[in-house]
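Summary of the model geometry
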Amino acid sequence: MGTIKTKDGTEIHYKDWGPREAQAVVFHHGWPLSADDWDNQMLFFLSKGYRVIAHDRRGHGRSTQTAAGNEMDTYAEDVKALVAALDLKKAIHVGHSTGGGEVARYVARAEPGRVSKAVLIGAVPPVMVRSDKNPGGLPLELFDGFRAQVAANRAQFYRDVPAGPFYGFNRPGAAVSQGIVDNWWRQGMMGGIKAQYDCIKAFSETDFTEDLKAITVPVLLMHGDDDQIVPIADSAMLGIKLLKQGTLKVYEGFDHGMATTRADVVNADLLAFFQD
């Protein structure tokens, strides 16, 4: 584990495991979590001989609890700084949810030769919030509600989200894992409230349409059709139409947190894409 310092003095915490000469896979976490959300994938791909890297986004996890820069352009610049510090070439970038937006923005702007492939899992692009240009999106009032709950009682909100829609634990007959709920809460409470509050705007209102159009490397979109956080109809189903080299895999009945709840399926499909 280590840290880098960005231009504005923010310390970005990261994990970097495996042979330095091996194919690098960089994992980008969702809101309001940390690199720890990729534990299963980090272990799995390390065991397959990959170099695995995951960072805590600014304001999240063990990185600096930033008051400024909590938006997608700066997130992408932070990734650029990390990639440069580690001198990664032809890396594969995998993003979940908000992390998928971060991947889209970074990959669209990456230096030539830095990226070979990308994966977006339950990811927010092209844009989440409803507008005249995006009539199928979610209402702004929904995200205002998120902000209000973070401000009023973040600790309780960070229990309710994973115990309910994030992992589909609110579905009839769901096999609820209290450990998964507790781990989501732990990660969320490690981060800074200001950064997490700001990030709601970043993941809901940022338009990634031009980013997706600009990406030239192969991109795999993985999305559950029972994703209650980022509904598939207004995300992956639209995003696939914008990519030059996109592949869409839809998972029947899978939830938003499927990289955790269905890691066996997700990891196998990631491995196949990496090796293709």
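My aim in this report is to walk through the structure given alongside it, one point at a time. (Residues numbered from 1 in each chain as written. Predicted model: local features only at pLDDT ≥ 70, side-chain atom pairs only at ≥ 80, totals over all residues. Heavy atoms only, no water.)

Within the secondary structure, Asp-56 sits in the loop between β4 (51-55) and α2 (72-86). Among the residues examined, Asp-56 registers a relative accessible area of 0% and is labelled buried. In the structure, Asp-56 is positioned 218 residues away from Phe-274 in sequence and 23 Å away in space, judged by C-alpha atoms. In this structure, Asp-56 is in contact with Ile-12, His-13, His-29, Ser-34, Ala-35, Gly-61, Arg-62 and Ser-63, ignoring residues within four places of it in sequence. (Helix = DSSP H or I, 4+ residues; strand = E, 2+ residues; numbered from the N terminus. Buried < 20%, exposed > 50% of the residue type's maximum accessible area, 1.4 Å probe, protein only. Contact = heavy atoms within 4.5 Å.)

Secondary-structure assignment places Gln-41 in helix α1 (residues 39-47). For Gln-41, a relative accessible area of 0% translates into the label buried. For Gln-41, the side chain forms a polar contact with the main-chain oxygen of Ala-259, separated by 2.9 Å. Beyond its immediate stretch of four places on either side in the chain, Gln-41 contacts Phe-27, Ala-259, Ala-263, Asn-267 and Leu-270. (Polar contact = N/O pair within 3.5 Å; in protein donor to acceptor, adjacent residues only side chain to side chain.)

Taking 1.5 Å per residue as the helical rise, helix α5 (residues 178-190) with its 13 residues ought to reach 18 Å, and the 18 Å between its terminal C-alpha atoms agrees with that figure. Along α5, the residues classified as buried are Val-181, Trp-184, Gln-187 and Gly-188. Down the axis of α5, the smallest arc covering the buried residues is 130°, so these residues share one side. Where α5 is buried, its residues meet α4 (140-166) and α6 (193-205). (Expected span 1.5 Å × (residues − 1). Arc of directions from axis to C-beta.)

The next subject is the sheet that holds strand β8 (residues 246-251). Sheet architecture is open: eight strands sit in the order β1-β2-β4-β3-β5-β6-β7-β8, paired in mixed fashion. In this open sheet, the two edge strands, each paired with only one partner strand, are β1 (2-5) and β8. Adjacent strand axes in the sheet meet at a mean angle of 20°, parallel and antiparallel pairs treated alike. Summarising the sheet, β1 and strand β2 (residues 11-17) pair through four bridges and their orientation is antiparallel. Bridge pairing in β2 places Lys-5 opposite Glu-11. (Pairing = 2+ DSSP bridges. Axes fitted to C-alpha atoms, helices over the stretch in contact; angles between N-to-C directions.)

Using the criterion set out here, one finds 17 aromatic pairs in the structure. Ring plane angle 45° and centroid distance 5.0 Å describe the contact between Phe-45 and Phe-274, whose orientation is recorded as tilted. Taken together, the residues span a long stretch of sequence, with Phe-45 in helix α1 and Phe-274 in helix α10 (residues 263-275) at a distance of 229 residues. Both residues of the pair, Phe-45 and Phe-274, count as buried. Ring plane angle 35° and centroid distance 6.2 Å describe the contact between Phe-157 and Tyr-158, whose orientation is recorded as tilted. Accessibility classification places Phe-157 together with Tyr-158 in one group, the buried group. Three or more aromatic residues link up through ring pairs in this structure, and these residues are Trp-31, Phe-143, Phe-146, Phe-157, Tyr-158, Phe-166, Tyr-167, Phe-169, Trp-184 and Phe-203. Above the face of the Tyr-75 ring, Arg-57 is positioned so that its terminal group lies 5.4 Å from the ring centre. Of note, Arg-159 hangs over the ring of Trp-185, and the distance from its end group to the ring centre comes to 4.3 Å. (Phe/Tyr/Trp six-rings, centres within 6.5 Å; stacked < 30°, edge-to-face > 60°. Lys NZ or Arg CZ within 6 Å of the ring centre and 35° of its normal.)

Another point: the pattern of salt bridges. All told, the structure shown has 25 salt bridges when counted by the stated rule. In this structure, Asp-207 engages Lys-133 in a salt bridge whose closest nitrogen and oxygen atoms are separated by 3.9 Å. Here the residue Asp-207 occupies a position in the loop between α6 and α7 (209-214), and Lys-133 occupies one in the loop between β6 (115-121) and α4, the gap between them amounting to 74 residues. Judged by its relative accessible area of 74%, Lys-133 falls in the exposed class. With a shortest N-O distance of 2.9 Å, Arg-147 and Asp-144 are connected by a salt bridge. Highlighted residues: Arg-147 and Asp-144, both in helix α4, separated by three residues, approximately one helical turn. (Salt bridge = Lys/Arg side-chain N within 4 Å of Asp/Glu carboxyl O.)

Now for unusual backbone geometry. A cis amide bond links Trp-31 with the next residue in sequence, Pro-32, at an omega value of -5°. Inspection of the secondary structure assignment puts Pro-32 in the loop between β3 (24-28) and α1. Phi at Lys-90 takes a positive value of approximately 55°, unusual for a residue other than glycine. The residue Lys-90 is located in the loop between α2 and β5 (91-96) in this model. For Lys-90, a relative accessible area of 53% gives the class exposed. Phi at Ser-97 is positive, roughly 60°, even though this residue is not glycine. Looking at the secondary structure, you find Ser-97 in the loop between β5 and α3 (98-109). Judged by relative accessible area, which is 6%, Ser-97 ranks as buried.

Read these as layout, nothing more, since geometry by itself doesn't imply function.
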